[in-house]
Amino acid sequence: MKKPFSRLFGLMDKSENQQEKVSLQHLPMENIVPNRYQPRTEFDRDRIRELADSIEEHGLLQPITVRPIEEGMYEIIAGERRFRALKMLNREEAEVIVKYLTDTESAAIALIENIQRENLSSIEEARAYKKLLKMDGITQKNLAQNLGKSQSFIANKLRLLKLSEPVIEALQRQEITERHARSLLSLEDDQQGEVLEDIRARKWTVKDTEMAVKKKIQPANDEMDFNQDASFALNGLNREVERLKNKGVDVSCETSDTADFKEMTIRIYK
């Protein structure tokens with residue numbers, strides 16, 4: 001069976017057609033550079049430190065995979081975390097497996113290997129898909145089929161890249177969820193920023209965010225949706241009551257709903 005990246009790019013399956021040229025070597029660290037197609041932009045320093053400690057105690061159990069890119073220089077195909085751990089240990093050399101791959105093959109391995117990792121962020125994943133789609137005229141349909149995803153899944157990830165930069169940064173820092181972010185796509189950049197601040201300040205749920213977005217995009221002369229607006233306000237009050245309870249305040253809350261009004265009674269006991 002062909003590897004995913006071979007199927008995706010129509011590459012020759014070397015295991016079936018020819019013996020792949022590989023060699024095990026020791027290279028100076030200064031002669032190794034990260035893969036230009038590496039989708040991961042955030043590396044957990046604590047995790048790298050843990051890996052470095054493991055390498056210090058047990059040695060490098062799996063060599064870094066690289067390919068020659070110019071005379072004396074090599075680009076990482078797989079193993080950047082190991083490379084960073086070795087740098088943290090101030091190692092001068094690294095044990096590597098040298099493979100002779102094309103730009104397309106190297107990019108496919110780096111991108112797909114990282115896409116399949118669960119801890120790749122939504123934005124990093126979206127950027128990886130975007131890079132893959134620029135190669136060899138690959139379509140969303142082909143990409144989805146080869147990665148075992150639906151085409152709508154790929155499309156929804158790519159749409160995240162249309163968000164304003166502050167929202168993308170908030171998503172990267174896990175200040176908001178992907179569902180929060182997707183709900184902002186129908187807003188202009190400045191409106192996205194306004195709602196983003198409310199999400200942070202008021203700890204809005206996805207439902208709260210969707211309601212706020214709906215209010216921003218509906219025409220100004222629309223009649224007020226009483227039930228929606230009232231529910232939005234009551235949800236906010238309920239969260240404040242829960243916040244007080246979590247701080248140890250003796251507080252109770254009762255809500256009633258009649259044909260004419262909604263009523264909430266909050267009691268804060270002395």
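Residues numbered from 1 in each chain as written. Predicted model: local features only at pLDDT ≥ 70, side-chain atom pairs only at ≥ 80, totals over all residues. Heavy atoms only, no water.

You'll find the protein chain entered in an unreviewed UniProt entry as Nucleoid occlusion protein, with Salinicoccus jeotgali given as the organism. Looking at the Sequence similarities (unreviewed entry) heading of the UniProt record, one finds this comment for the protein chain: "Belongs to the ParB family." (UniProt positions renumbered as here; feature names shortened; annotations may be inferred.)

Caption draft 1: Representation of a nonpolar patch on the surface. On the surface, a cluster of nonpolar side chains totalling about 310 Å² of accessible area is made up of Leu237, Val249, Ile266 and Ile268. Relative to the helices and strands, Val249 is located in the loop between helix H13 (226-246) and strand S6 (251-257). With relative accessibility at 30%, the residue Val249 sits in the partly exposed group. (Patch = residues over 30% accessible without salt bridge, like charges linked within 9 Å, V, L, I, M, F, W, Y side chains within 5 Å. Areas by Shrake-Rupley, 256 points an atom, 1.4 Å probe, with all protein chains shown as cover. Salt bridge = Lys/Arg side-chain N within 4 Å of Asp/Glu carboxyl O. Helix = DSSP H or I, 4+ residues; strand = E, 2+ residues; numbered from the N terminus. Buried < 20%, exposed > 50% of the residue type's maximum accessible area, 1.4 Å probe, protein only.)

Caption draft 2: Here's a closer look at the side chain of Ser106. One can find Ser106 in helix H5 (residues 103-115). Engagement of the side chain of Ser106 in a polar contact is seen with the side chain of Arg67, the distance being 3.4 Å. Sequence-distant contacts of Ser106, defined by excluding residues within four places in its chain, comprise Asn35, Arg67, Glu75, Ile77 and Leu101. (Polar contact = N/O pair within 3.5 Å; in protein donor to acceptor, adjacent residues only side chain to side chain. Contact = heavy atoms within 4.5 Å.)

Caption draft 3: Representation of the confidence of the model for the protein chain in the model. Chain-level statistics for the protein chain give a pLDDT mean of 82 and a share of 84% at 70 or above. Across the protein chain, the element-wise mean pLDDT spans from 40 in helix H2 (residues 14-17) up to 95 in helix H10 (residues 178-183). This stretch, residues 1-8, has a pLDDT under 50; its non-local contacts, to residues over four places away or in other chains, come to 21 contacts. For the stretch residues 11-19, pLDDT sits under 50, and the model shows 14 contacts to residues farther than four places along the chain or on other chains. (pLDDT = per-residue confidence, 0-100.)

Caption draft 4: Broad picture of a positive patch on the surface. There is a patch of like positive charges on the surface, built from Arg127, Lys130, Lys131 and Lys134. We classify Lys131 as partly exposed; its relative accessible area is 30%. (Lys, Arg positive; Asp, Glu negative; His and termini not counted. Charge placed at Lys NZ, Arg CZ, Asp CG, Glu CD.)

Caption draft 5: View of unusual backbone geometry. Although it is not a glycine, Asn90 sits at a positive phi angle of roughly 60°. Mapped onto the elements of the fold, Asn90 is located in the loop between helix H4 (80-88) and strand S5 (93-99). Taking relative accessible area as the criterion, Asn90 reaches 66% and is therefore assigned exposed.

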